[in-house]
Amino acid sequence: NDSGFPLSTKKFFNLTEIGVLVGNPDNKKDAPFIFHSSLNYNFDKKFSAGFGLGVEFLNETYMPVTLNVMYRLKNSKISPFVMLQGGYEIPIDGSRITYNKVIPQDFLWNSYWTGNSPEKLDAKGGFLFNPSIGLLLHLNSNIGLNMSVGYRYNRLNYSADKDYKLDVDYNRLMFKLGITIY
């Protein structure tokens, strides 16, 4: 603890963050926007855990439901931390992905005769995993600002007619800014 700086002794705190997922140029969205808010419980001065909800704009709009653990390396005005989040992405709007059934290139007219036109996939959601590191700057004992960088892995699942299934993996760098309220 920095001399004369009072840290919060409250057990619960809220961590709200906005950010982007930067990475794979093969995906339609180069840097999707993310928003996340979590309610956390301080088990001691350095270790906390909680659950959160958010919104993410990948190919579809998703609501991530997460569990997270945070460990602060120091208990001072500027506290470095490591965090691990894991959870599930729930789709909250319709799928924007279509696929074409496999058609031989020399039979372009085949879709007219057989009805093999692009089909819409149903978004089913998927798993997410997010380790990160960051800094928490306490402005006073009730509020702080934070920034973090990390790795985000998502596996999103889709399905269509005739038992067709598709998994789409996101491997992204994550940058977030946030506010912590005790």
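These notes cover the structure that comes with them. (Residues numbered from 1 in each chain as written. Predicted model: local features only at pLDDT ≥ 70, side-chain atom pairs only at ≥ 80, totals over all residues. Heavy atoms only, no water.)

Describing the pairing of strand E5 (residues 78-91)
Selection criterion: DSSP bridges decide pairing: two strands pair if at least two such bridges lie between them. Think of it this way: any DSSP run of H or I at least four residues long counts as a helix, any run of E at least two long counts as a strand, and we number them from the N terminus.
The pairing of strand E4 (residues 61-72) with E5 spans eleven bridges and is antiparallel. Across the sheet, residue Val65 finds its bridge partner in E5, namely Tyr88. By the bridge criterion, twelve bridges tie E5 to strand E8 (residues 122-138) in an arrangement that is antiparallel. The residue bridging Glu89 from the neighbouring strand is Gly126, located in E8.

As for the pattern of salt bridges
Basically, it comes down to this: The salt bridge definition used is simple: a Lys or Arg side-chain nitrogen within 4 Å of an Asp or Glu carboxyl oxygen. Here's how the labels work: a residue is buried when its accessible area is under 20% of the maximum for its type, exposed when over 50%, partly exposed in between, all with a 1.4 Å probe on protein chains only.
Counting across every chain of the model gives four salt bridges. Two residues, Glu17 and Lys176, come together in a salt bridge whose shortest N-O distance is 3.0 Å. Of this pair, Glu17 sits in strand E1 (residues 12-23) while Lys176 is found in strand E10 (residues 164-181), placing the two residues 159 residues apart along the sequence. As far as the burial class goes, Glu17 and Lys176 line up, both buried. With a shortest N-O distance of 2.7 Å, Asp169 and Arg155 are connected by a salt bridge.

Thoughts on the environment of Leu128
Its location among the elements puts Leu128 in strand E8. We classify Leu128 as buried; its relative accessible area is 0%. Separated by 42 residues in sequence, Leu128 and Tyr170 have C-alpha atoms that sit 9.2 Å apart.

Overview of the sheet that holds E10
Put simply, the rule is: Lines fitted to the C-alpha atoms define the axes, with helices restricted to the stretch that makes contact. Angles between their N-to-C directions range from 0 to 180 degrees.
Pairing in this closed barrel of eight strands is antiparallel, and the strands run E1-E2-E3-E4-E5-E8-E9-E10 around the ring. Averaged over all pairs of adjacent strands, the angle between their axes in this sheet comes to 25°, without regard to strand direction.

Thoughts on the environment of Phe57
With respect to the helices and strands, the residue Phe57 is situated in strand E3 (residues 47-57). Judged by relative accessible area, which is 34%, Phe57 ranks as partly exposed. Sequence separation between Phe57 and Ile34 is 23 residues; the distance between their C-alpha atoms is 6.6 Å.

Regarding the packing of aromatic side chains
The geometry of an aromatic ring pair is captured by the separation of the ring centres together with the interplanar angle, meaning the angle of the planes. Heads up, the condition is: Centres within 6.5 Å are what make two rings of Phe, Tyr or Trp a pair, Trp counting through its six-membered ring; a difference in plane orientation under 30 degrees is then read as stacked, over 60 as edge-to-face, and the rest as tilted.
As enumerated under the stated definition, the model contains five aromatic pairs in all. The interplanar angle of 65° and the centroid separation of 5.1 Å between the aromatic rings of Phe12 and Tyr41 together place this pair among those described as edge-to-face. Highlighted residues: Phe12 in strand E1 and Tyr41 in strand E2 (residues 33-42), separated in sequence by 29 residues. With centroids separated by 6.0 Å and ring planes inclined at 25°, the aromatic side chains of Phe33 and Phe57 adopt a geometry described as stacked. Pair noted here: Phe33 is in strand E2 and Phe57 is in strand E3, with a separation of 24 residues, a long-range link. Residue Phe33 is classed as partly exposed on the basis of its relative accessible area of 37%. One aromatic cluster is present, built from ring pairs that chain together Phe12, Tyr41, Phe43 and Phe47.

Notes on the side chain of Arg172
The criterion, for reference: Throughout this description, a polar contact denotes any pair of N or O atoms lying within 3.5 Å of each other; where both atoms belong to protein, one of them has to be capable of donating a hydrogen while the other can accept it, and for residues adjacent in sequence the pair is counted only when both atoms sit in side chains.
Here Arg172 shows up in strand E10. Classification of Arg172 by relative accessible area gives buried; the value is 1%. A polar atom in the side chain of Arg172 sits 2.8 Å from the backbone oxygen of Leu21.

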